[in-house]
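Read off the chains here:
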Amino acid sequence: MKVLVIGSGGREHAIVRQFKNSQSVTEVYVAPGNDGMKHDATCLAIKALEFEKLASFVRENGISLTFVGPEQPLAAGIVDYFEAEGLRIFGPTKAAAQIEGSKSFAKELMKKYDIPTSDYETFTDVNDAKDYIRKMGAPIVVKADGLAAGKGVIVAMTLQEALDAVEDMIGNQKFGDSSSRVVIEEFLEGEEFSYMSFVHNGQIYPMVIAQDHKRAFDGDRGPNTGGMGAYSPVPHISEDVIKQAYNTIVVPTVEAMTKEGTSFTGILYAGLILTSEGSKVIEFNARFGDPETQVVLPRMTSDFGDFMTSLMDEQPFELEWSNKEIVGVVIAANGYPEHVEKGASLPDLTKLPANLHFFHAGTKEVKGHFVGNGGRVILVAAQASSLKEAQQQVYDALADMKWDGFFYRYDIGWRALT
Ligand code: AMP
Ligand code: GLY
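The written sequence of each chain sets the order in which its residues are numbered from 1. Numbering of ligands from 1 and lettering of chains from A proceed in the order in which they are written. Where local features are concerned, this predicted model is filtered to residues with pLDDT of at least 70; where side-chain atom pairs are given and counted, the filter is 80 or more; whole-chain, interface and lining totals use all residues. Just so you know, side-chain values use all the structure's heavy atoms and leave hydrogens and water out.

A. Looking closely at the overall build of the chain. Under the DSSP-based scheme used, a helix requires at least four consecutive residues in state H or I and a strand at least two consecutive residues in state E, with every element numbered from the N terminus. A count of helical and extended segments in the chain gives 13 helices and 23 strands. When we talk radius of gyration, it's over C-alpha atoms, and the globule rule is simply 2.2 Å times the number of residues to the 0.38. Taking 2.2 N^0.38 as the reference for a compact globule, 418 residues should give roughly 22 Å; the C-alpha atoms of the chain span a radius of gyration of 21 Å, in line with that estimate. In terms of its C-alpha atoms, the chain occupies a principal-axis envelope of roughly 60 × 50 × 40 Å. The long-range share in the chain, meaning contacts at least 24 apart out of those at least 6 apart in sequence, stands at 69%. Surface accessibility in these figures is a Shrake-Rupley result with a 1.4 Å probe; residues are shielded only by whichever protein chains are displayed. Of the roughly 17300 Å² of accessible surface on the chain, a fraction of 47% belongs to carbon and sulfur atoms. Charged residues are defined narrowly, with Lys and Arg counted positive, Asp and Glu counted negative, and His plus the chain ends left uncounted. Positions of charges follow a simple convention, taking NZ of Lys, CZ of Arg, CG of Asp or CD of Glu. Taken as two groups, the 39 positive and 57 negative side-chain charges of the chain have centres that lie 3 Å from each other. By definition, residues are in contact when any of their heavy atoms lie within 4.5 Å.

B. Region of the structure containing the site of ligand 2. What surrounds ligand 2 is the set Asp212, Lys214, Gly226, Tyr269, Asn285, Arg287, Gly289, Asp290, Pro291 and Glu292. Residues adjacent in sequence count toward polar contacts only when both atoms are side-chain atoms; beyond that, a polar contact is any pair of N or O atoms within 3.5 Å, and within protein one must be able to donate a hydrogen and the other to accept it. Side-chain polar atom of Arg287 to an oxygen atom of ligand 2: 2.8 Å apart, as the coordinates give it. With respect to ligand 2, the side chain of Glu292 contributes an N or O atom lying 2.8 Å from a nitrogen atom. Split by residue class, the shell around ligand 2 holds two nonpolar, three polar and five charged. Whether a residue is near a molecule or strand is decided by its heavy atoms; if any one of them lies within 4 Å of it, the residue is near. Polar here means any residue outside two lists: the nonpolar Ala, Val, Leu, Ile, Met, Phe, Trp, Tyr, Cys and Pro, and the charged Asp, Glu, Lys and Arg; Gly therefore counts as polar.

C. The pattern of salt bridges, seen in detail. One side-chain nitrogen of Lys or Arg within 4 Å of one carboxyl oxygen of Asp or Glu is enough to make a salt bridge. For the structure shown, the criterion picks out 24 salt bridges. The shortest N-O distance in the salt bridge between Asp290 and Arg376 comes to 3.9 Å. Here the residue Asp290 occupies a position in the loop between β17 (278-285) and α10 (292-296), and Arg376 occupies one in strand β22 (residues 376-384), the gap between them amounting to 86 residues. Residues Asp290 and Arg376 agree in their burial class; the two are buried. If you follow the salt bridges from partner to partner, you end up with Glu191, Asp220, Arg409, Asp411 and Arg415 in one network. Any residue under 20% of the maximum accessible area for its type is buried, any over 50% is exposed, and the rest in between are partly exposed; the area is computed with a 1.4 Å probe on protein chains only.

These figures come from the coordinates and say nothing about function on their own.
Here you go:
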C-alpha cells in the first residue's frame, strides 16, 4: 500500500521511517516534509492545511492511508474533511481533537468522568484570574487554553510570576486567541512520563512509555520548549504504575470520549505525573509526542503498515516491542525557544556512526549540505542494551562533531541514570 504522512518535523520523520521499514508499504509520501526526509519518502509541495490539494493527491495516486502528525491540521478538521470525501485517514476529528486543542475541554471531561488530574479553574478575565491566584498562592500553574506549541504553560513558583503570566496571556494576548482563556491549576510534584496509545473505535493499543525533557537547559532549567530530548523505557516507572494508569486514565478517557459523542481515533497521548496519590494527567495530546515518537516508534518490532491496516480494519493484532533502550537528543538552533537563529550549517551527518539514528526536524538543504531551518533541528538517537550505553553512544558521537550555531542538553536521561 501507499501511505501519506502529514507534517514536517522530527516526529513525522520517525513515522515516515517506520512506514518505510514496513513490508506492506510500497511507497511513502510526506506533505510537506523537510529536505532531510528525502531519502526516506517523496516530499510533496503541499502544506498540512491545504486539505483540498491533499485529498486530490490521495485520490489521484491511490493512497490507502493518510497519517496525521501534528495538531494544527487535526484542530482545523483534516479528518472530518477526508472522511467526508470517503478517504481513509488516521487521526481524531476536529471535535475529538479538542482533548488537546482546549485545555478546558480536557479538564471538564476529566472532572465529569473522575479521571485523576489537578484541581483547576478557568478564566477569561484578568482580575478574576489574579484574585484566584492570590487566594490559592504559589506554586501554581497557568496555562493558555488553546494550542501554543508546548510553550503556553507557566509553572509559577512565586505569586508574581503567576500574576505576570495571566497579564501576558489574557491581558497582552501573548498567544493570541489561544490565551484569551486560561486554565489555572494546582501544582503537582512527581515523576513525569508520556504514555501514548493507538486508538480506533474503542480499540486501544498502548505503547511503551517515554520521558521528555521540556526545559531548554541542563538540570531542567530554562524556559519550556517543545521537548529537548527523550528516552524509553523509563525504568523508575514500574509496570504496575503503567498498568494502573492504563486502567484509571487511558481506558476511562477513551470510553468518556465515546460517551460524549466525540469518539477518538488516533494517537491518544497522556502526559502523566506520578504523585503520592498515583498517576494524574498533566495534559492530553491528540497526536504523537515530539520528541517521544523518535524514541518510541523505533522500539516497535511489529510491521507498522500491517499494524495500521489491522487497527483500521478492527482486526486483532499482537503489537510487539524491542527490549532495546533508546536515548534521543535534540539539536536546537541557538536562541530556541524564544528567538531562533536559522541558517547555521550542520556538520556532515553522514559521519555519525552507522548504529545511530537521526531524524530531521527543521533542516533545509543548501548547495548539498544541511542548514538549520527551525527551532528544533535534528534528533540524534542511539539504541542499545541499556539506557546508560545508549546515552554514552549519543554523546560520544555528538562530541566528535562541531555544532556552531546550535545547542543541546548534555543530560538527556539523567532522571533514570543518576
Ligand atoms: P504541558 O504543556 O501541559 O505538558 O505542560 C508543560 C510542562 O509544565 C509539563 O511537562 C510539566 O513539567 C509542567 N506542568 C504542567 N502542569 C503542571 C502541574 N499542574 N503541576 C506541575 N507541573 C506542571
Ligand atoms: N513532547 C511533548 C509534546 O509533544 O507535546
